[in-house]
Amino acid sequence: MDADAIVLAAGDGKRLKSRLPKVLHHAAGRPLLGHVIAALAPLPLRRRVVVVSPRRDEIVAGLGGLADGIDFVVQEVPRGTGDAVRVGLDGIEEGAVLVTPGDTPLFETETLGALLEAHAASGAGATVLTADMPDPTGYGRVIRSGGDSIDRIVEHRDASPAELEVREINAGVYAFDVVLLREALGRIGTDNAQGEHYLGDVLGPIAASGRPVMAFKTGHEEVPGVNSRAQLAEAAAALRRRVALGWMSEGVTIVDPATTYIDAGVTIAADATILPFTFLEGTTTIGAGAEVGPQTRVVDSTIEEGASVTFSVVRGSSIGPGASVGPYASLRPGTRLERGARAGTFVETKNTTIGEGSKANHLAYLGDAEIGRGANVGAGSITCNWDGRDKHKTLIEDEAYIGSDTMLVAPVRVGKRAATGAGSVVRGEVPDEALAVGVPARIIEGKGNRMEPKEPRT
Ligand code: UD1
Ligand code: CA
């Protein structure tokens with residue numbers, strides 16, 4: 001396909017009343033412009049040009065990895081969509097060009113591809129994506145000249161009462177012959193309600209060149225653009241519905257899609273269950289058979305097969321197979337729960353590994369800690385990892401038993417099958433199999449964890 005793409009993202013977005021550029025406002029975990037770029041990504045396009053305001057660097061940064069492979073060009077002053085396309089055409093010489101707005105996050109790849117194909121097949125000079133909107137307020141109206149041919153587009157603010165009755169609108173997406181487009185852009189003026197160069201005004205000059213100007217009609221669901229905060233919320237809700245439906249069709253149980261918020265960058269394996277009031281954000285991945293929620297927020301984390309997380313907040317963490325979290329746990333970045341481990345009620349962790357089968361069942365803070373296998377951390381125990389200046393590490397070795405309300409003053413190591421007494425304040429080193437009791441703790445050799453391991457040691 002000999003086509004380039006131009007995305008228009010340089011408008012000032014006044015109607016959002018925001019300090020953030022409009023196209024960086026997020027819906028379903030991605031900037032509006034990011035959704036447009038992602039929809040274009042699978043198409044076999046030559047150049048992908050995004051026309052941005054002089055706040056270019058901010059926009060590129062806000063897109064993160066989605067900016068890869070994109071050419072950004074700056075429209076110094078937002079003189080209208082026609083002017084923005086003129087700027088974007090710099091360096092594009094011939095063939096077809098697909099033009100889309102940057103504030104319409106709902107267009108799907110298939111629709112954009114179908115428009116380009118219809119354009120190529122018909123030999124039109126311009127093909128305009130249109131839709132019959134239940135409420136066309138605010139959109140440019142499509143005035144047809146018979147059959148699939150378009151006479152012109154009239155903007156809402158310039159339309160006559162009769163034209164306002166037209167429900168077929170300009171979706172803002174077009175395929176053009178580049179040579180005809182460039183020529184037509186030189187002929188359009190600013191004699192309209194907004195004093196801007198309207199892109200839709202090129203259709204007259206293109207038709208006058210003898211090549212047809214065609215409408216390509218699609219469903220209205222993908223069309224809504226975001227010009228206000230209310231429209232942002234509506235578009236986000238539509239994206240969320242689409243994401244949830246997609247995962248359900250892949251075999252994921254989502255008990256209540258209406259109260260489940262899954263970002264576009266999340267992946268979920270079949271037979272996972274997502275319970276109501278749950279937020280899966282960023283680059284989170286959920287494994288097969290895992291159960292997440294209700295009332296849980298998971299950000300940039302991995303939840304492996306068969307793990308469960310309930311009424312909790314998990315950020316930048318990884319939860320191993322069959323591990324369990326919550327209710328009311330807060331796992332902060334750098335937490336790793338190995339297979340079958342548990343961070344239970346009112347447990348907070350940070351930069352901590354809880355080894356296979358180890359448990360902190362209730363009321364604990366574990367920061368900068370390394371916990372081996374089969375260990376138990378009693379209620380009320382914490383790592384005192386911060387001495388007012390620096391962070392220090394706590395090591396809890398395999399099958400150690402941390403008694404209730406132990407203060408582990410880091411740097412500290414509790415050896416294998418060692419134990420600490422209730423209320424002890426422990427620093428330094430508790431040797432393997434020893435017991436530490438009291439404040440400050442005394443060491444009693446050989447009196448460590450006397451409990452039989454739950455499973456025979458291998
Ligand atoms: C535009 C169309 C309208 C269509 C609607 C579909 C025009 C004049 N109107 O209206 O017919 O029904 O989209 O969503 O084209 N932009 C620039 N530079 C500018 C002005 C705008 O890059 O100088 C960008 C904006 O960032 C935005 C896009 O172009 O992403 C559309 O501009 P916007 O002001 O949102 O136009 P609408 O009023 O929505
Ligand atoms: Ca718009």
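Attention here is on the structure that accompanies the text. In this convention, every chain numbers its residues from 1, walking through the sequence in written order. Both sets of labels track the order of writing: A upward for chains, 1 upward for ligands. Note on the predicted model: pLDDT of at least 70 is required for a residue's local features to be given, and 80 or more for side-chain atom pairs to be given and counted; whole-chain, interface and lining totals, by contrast, use all residues. The side-chain quantities take in all heavy atoms of the structure and omit both hydrogens and water.

### Here's the deal with the overall build of the protein
The numbering of helices and of strands both runs from the N terminus, where a helix is a DSSP run of H or I of at least 4 residues and a strand a run of E of at least 2. Per the secondary structure count, the protein includes eight helices and 39 strands. Just to be clear, the radius of gyration here is over C-alpha atoms, and the globule rule we use is 2.2 Å times residues to the power 0.38. Relative to the compact-globule value of 23 Å for 458 residues, the protein shows a C-alpha radius of gyration of 30 Å, a clear excess of over 25%. Considered along the principal axes of its C-alpha atoms, the protein spans approximately 95 × 45 × 40 Å. Throughout, exposure labels follow a simple rule: accessible area from a 1.4 Å probe, protein chains only, divided by the maximum for the residue type, with under 20% read as buried, over 50% as exposed, and the rest as partly exposed. Evaluated residue by residue, the protein yields a buried proportion of 50% over its 458 residues. With residues, only the protein chains shown are counted as cover, and all accessible areas are computed by Shrake-Rupley using a 1.4 Å probe. Approximately 20100 Å² of the protein is accessible, and the part contributed by carbon and sulfur atoms is 51%. Charge assignment in this entry is limited to Lys and Arg as positive and Asp and Glu as negative, and neither His nor the chain termini are counted. Every charge is mapped to an atom, namely NZ of Lys, CZ of Arg, CG of Asp or CD of Glu. A distance of 6 Å separates the average location of the 47 positive side-chain charges in the protein from that of its 59 negative side-chain charges.

### Points about the pairing of strand E1 (residues 3-9)
Here E1 lies mainly inside the structure; seven of its seven residues are buried. Burial of the side chains of E1 extends over both faces: Ala3, Ala5, Val7 and Ala9 are buried on one face and Asp4, Ile6 and Leu8 on the other. When DSSP locates at least two bridges between a pair of strands, those strands are taken to pair. Bridging between E1 and strand E6 (residues 96-101) involves six bridges; their strand directions are parallel. Paired with alanine 3 across the bridge in E6 is alanine 96. Where E1 lies against strand E4 (residues 48-52), five bridges are found, and the strand directions are parallel.

### Quick look at the packing of aromatic side chains
Only Phe, Tyr and Trp rings take part, Trp by its six-membered ring, and two of them pair if their centres are within 6.5 Å. Stacked means planes under 30 degrees apart, edge-to-face means over 60, and tilted covers everything else. Taken as a whole and judged by the stated rule, the model has four aromatic pairs. An angle of 15° between the planes, with centres 4.9 Å apart, marks the rings of tyrosine 261 and phenylalanine 279 as stacked. Highlighted residues: tyrosine 261 in strand E13 (residues 260-262) and phenylalanine 279 in strand E16 (residues 278-281), separated in sequence by 18 residues. Residue class for tyrosine 261 comes out partly exposed when judged on its relative accessible area of 30%. Where tyrosine 328 meets phenylalanine 346, the ring centres are 5.4 Å apart and the plane angle is 15°; that geometry is what we call stacked. Of this pair, tyrosine 328 sits in the loop between strand E24 (324-325) and strand E25 (330-331) while phenylalanine 346 sits in strand E27 (residues 342-350), and the two are 18 residues apart along the sequence. Each member of the aromatic cluster is reached from another via a ring pair, and the members are Phe311, Tyr328 and Phe346.

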